[in-house]
2 protein chains.
Amino acid sequence: MSLNRKPIPVNDAVALVLENITLMDTETVSYLDAHDRILANDLVATHDVPLFTKSAMDGFAIRARDSEGASGDNRIPFKVVEEVPAGSTSDYELQPNEAFRIMTGAEIPESADTVVMFEQAKETEDGFTVRKTFTSGDNIAVQGEESKKGDVILEKGALINPGTVAVLATFGYSEVEVFKKPEVGVLSTGSELLDVNEPLVRGKIRNSNSPMILAQLKRAGIEGKRYHLQSDDLETLYENINDMLEEVDIIITTGGVSVGDYDLLPKIYDKLGAEVLFNKVAMRPGSVTTVSRLGDKMLFGLSGNPSACYSGFELFVRPAIQAMMSSEKVYAPFIDAELDEDFTKPNPFTRFIRAEIHYVDGKVYAKPSGFNKSNAVTSIAKSNGVIVLPGGTRGFEKGDAVKVMMTDVTSGSDNFGVK
Amino acid sequence: MSLNRKPIPVNDAVALVLENITLMDTETVSYLDAHDRILANDLVATHDVPLFTKSAMDGFAIRARDSEGASGDNRIPFKVVEEVPAGSTSDYELQPNEAFRIMTGAEIPESADTVVMFEQAKETEDGFTVRKTFTSGDNIAVQGEESKKGDVILEKGALINPGTVAVLATFGYSEVEVFKKPEVGVLSTGSELLDVNEPLVRGKIRNSNSPMILAQLKRAGIEGKRYHLQSDDLETLYENINDMLEEVDIIITTGGVSVGDYDLLPKIYDKLGAEVLFNKVAMRPGSVTTVSRLGDKMLFGLSGNPSACYSGFELFVRPAIQAMMSSEKVYAPFIDAELDEDFTKPNPFTRFIRAEIHYVDGKVYAKPSGFNKSNAVTSIAKSNGVIVLPGGTRGFEKGDAVKVMMTDVTSGSDNFGVK
């Protein structure tokens, strides 16, 4: 087998994946189901915001000029002539020293130009008095000051988050066109793998990679399909993958991409006529990660090593899924953190290590999972991010500055954090 | 109405909410549906990890002592007597200078004690040669080195993330007991509110708070129930809320908690006999946020101001939901960021401002939404976090260090970021 695969840098590998994806079709969904989807068209304002000039406070709408000269010694009285609750309007023409009692959000009647807050007024029998001069426009939100009808509010490719849903509602978009989510199939290979309910047999272990990836897909908003491999021979695996190609847009396999005698994926890619984008990446673990393309389908051959599998999904698959939906933020954010434990092993290649991220006083701390073998399982079960250790000759110490890939951030980033 | 409400600090308000929640019951779910749920019991290792002593590499399993004295000039030959693929085992007793061809993950036969990687061996007709002395234990993962049968891997209250799902699978937990998610109902009050499909009427606006909160609930993993208010009078609102109390664990209302003439919620809480935990918080916007408890139900009266409504949900409701499921990390993480725009308005109270968070070279930047009125709608539609500006007499400038509440992080934090 090809021991001589040529490793490419991680960022080149990610870029190659993104260049090779095919855009999904679009579909129309209710604005109430649109959270977490990607806009397929620009979102355009259907009216000014605010829609009309309105009160920003509960209080009294007056003509500012009527308050001129007011002071603590010379309180100026106003008479309340009408009430304007939110949702109501009035066309009454204010006369000198008359006022509307008005609620937040109500339209400012034409003849008023400022709002006195309740807290600024002293109530009287038929109205109130003020002790200062008000300026035209106080406590008023002017029609169109936040956006004009026809403005492009968001561009195609933006994530629909709760704020976006509010904006869709505001503009009366009860439906919105979004990119379809890709269908993703997951298949673990390896004759040593037992399913969760099977009794343990000497030499075998339970399959944890498939369920882990299905959970990573869920976190990415995708309900993946799980496939079961009957046996680990070339022909069966080929048939399995052929069946999957009929049903999904993305195939994720785990295991079988290394140089072991039973690593069949390279032969399968060859037999399918898939274009191998890369089959070796300058990173640890997961150097044998292989990504191929067959027409508009992507095939991700992740390592069977659970850590490599986890990072490989977050580095390559998740951005590909986002890019297929035309997202403008396909990457996980990478942020500065402080290493919480020594990691003394020097590594020539960029290393990705699952980590427990925690936050104290605004600082981000990252504790590498699985390095300390005695608590490996616990720290893997708790891991919520990935530490990136750049390749070099030295190890790292507790307190060193490192970058972490934030796998638990749903909104993404527009730039990749590994150079 | 009570203009004299006494404001309490934000952190005291959050603590009061958490003290008053009632724990949800538990339910059993498939490990494949367990992602994002909270463990109701400690997760205990059902076997050692690794389950058996196994090869960590593809290569040859030998007796280390047979390689003693090997060098470039004195390559020591080994004969391959058997193959051990992953999932297989062998009880063959190695004789001097014999070897197993072995794959990653395969059980190490009793008579071997070290693994020579393929890359460290030069193949010969019936085996291979080595050029260095190997040490017992090289490239071998020893049974139980990562965890022992009976170890508590995670404690009750831990979030089940993709790594946790992998651990559940490893230990054969096809089902797992988790806390039920609370049922949450959302009701917007205000006679100025139109539904998304209604034609615009002078003085009225479309309801955006309910859809926004439903999306915030989705982001928090909860499918909320939307309630429609028929009219804005006390009796109807009372009946609506009474109906909701029959069906949900948490009621979120927006609007109607202020001092306006039509702010009915305080009267409703009174009529229901609900215990008001607080009705004024030392923060802006959203100072009128009111939280009440009625038996084991929580009633969140959020402000009708969209920004206050958004922050109020993230500050009070989301932690309450997490706490009801006994989560050990109920808060959003607060992290250090750089302010990306001036915010010159001084404010005596802690201010929460929706923000666009973005990431460059590991640094976190936060741009306040809605402060710059001309792009308010766009920046609200893009907001993915909340800036916390501590109360004080001065404004803030671009480049200042601020803290941001990361509303898009699914895994949470065990400490609250506002003192």
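Residues numbered from 1 in each chain as written. Chains lettered and ligands numbered in written order. Predicted model: local features only at pLDDT ≥ 70, side-chain atom pairs only at ≥ 80, totals over all residues. Heavy atoms only, no water.

1. Brief notes about the relation of the copies chain A and chain B
And then number 1: When chain A is fitted to chain B, the best match, at an RMSD of 0.0 Å, comes from turning it 180 degrees and sliding it 0.0 Å along the axis. Within this description, the copies of the chain are treated as partners about a two-fold rotation axis. For chain A, the smallest separation between a C-alpha atom and the rotation axis is recorded for Val409 of chain A, amounting to 2.2 Å.
And then number 2: Both copies contact each other with a shared surface, as 100% of the interface residues of chain A are interface residues in chain B too. (Least-squares fit on C-alpha atoms with pLDDT ≥ 70 in both. Contact = heavy atoms within 4.5 Å.)

2. Examining the nonpolar core
And then number 1: Ranked by size, the top nonpolar core spans 51 residues in total, and within it Leu217, Ile252, Phe278, Phe300 and Phe316 of chain A carry the most contacts.
And then number 2: The set of elements that each furnish at least two residues to this core consists of helix H1 (10–20), strand E13 (184–188), helix H3 (209–219), strand E17 (250–254), strand E18 (275–278), strand E21 (297–302), helix H6 (306–324) and strand E25 (385–389) of chain A.
And then number 3: Counting residues per element, this core draws most heavily on H6 of chain A, at ten residues.
And then number 4: Apart from the residues lying within four places of it in its own chain, the contact partners of Phe316 of chain A are Val10, Ala13, Val14, Val17, Phe278, Val281, Met283, Thr289 and Phe300 of chain A.
And then number 5: Judged by nonpolar contacts, the second largest core, of 50 residues, contains Val14, Phe300, Tyr310 and Val386 of chain B. (Core = buried A, V, L, I, M, F, W, Y, C linked by side-chain atoms within 4.5 Å. Buried < 20%, exposed > 50% of the residue type's maximum accessible area, 1.4 Å probe, protein only. Helix = DSSP H or I, 4+ residues; strand = E, 2+ residues; numbered from the N terminus.)

3. Remarks on a negative patch on the surface
Residue and element names in this part refer to chain A.
And then number 1: On the surface, Asp233, Glu239, Asp243, Glu246 and Glu247 cluster together into a patch of negative charge.
And then number 2: With respect to the secondary-structure elements, Asp243 resides in helix H4 (residues 234–247).
And then number 3: By relative accessible area, Asp243 is classed as partly exposed at 49%. (Patch = residues over 30% accessible without salt bridge, like charges linked within 9 Å, V, L, I, M, F, W, Y side chains within 5 Å. Areas by Shrake-Rupley, 256 points an atom, 1.4 Å probe, with all protein chains shown as cover. Salt bridge = Lys/Arg side-chain N within 4 Å of Asp/Glu carboxyl O. Lys, Arg positive; Asp, Glu negative; His and termini not counted. Charge placed at Lys NZ, Arg CZ, Asp CG, Glu CD.)

4. A closer look at the domain arrangement of chain A
Residue and element names in this part refer to chain A.
And then number 1: For chain A, the domain assignment lists domain 1 (10–24 + 181–324), domain 2 (29–46 + 150–179), domain 3 (54–141) and domain 4 (334–405).
And then number 2: The interface is formed by twelve residues belonging to domain 1 together with eight residues belonging to domain 4.
And then number 3: In this assembly, domain 1 packs against domain 4 so that about 1,000 Å² is buried in total across both faces, 63% of it on carbon and sulfur atoms.
And then number 4: In terms of surface lost to domain 4, no three residues of domain 1 exceed Arg284, Tyr310 and Leu315, which account for 48% of the buried area on that side. (Domains from an automatic or database assignment. Buried area = accessible area lost by both parts, 1.4 Å probe.)

5. Describing the sheet that holds E21 of chain A
All names here are of chain A.
And then number 1: With mixed pairing, the six strands of this open sheet are ordered in space as E16-E13-E17-E21-E20-E18. Both edges of this open sheet fall to strand E16 (225–227) and E18, since each of them pairs with a single strand only. Geometrically, the sheet is characterised by an average inter-axis angle of 25 degrees between neighbouring strands, direction not taken into account.
And then number 2: Taken together, the three bridges between E13 and E16 define a ladder with parallel strand orientation. Across the sheet, Gly185 pairs through a bridge with Lys225, a residue of E16.
And then number 3: Running at roughly 165 degrees to E21, helix H5 (residues 265–272) makes contact with E17, E18, strand E20 (290–294) and E21 of the sheet. (Pairing = 2+ DSSP bridges. Axes fitted to C-alpha atoms, helices over the stretch in contact; angles between N-to-C directions.)

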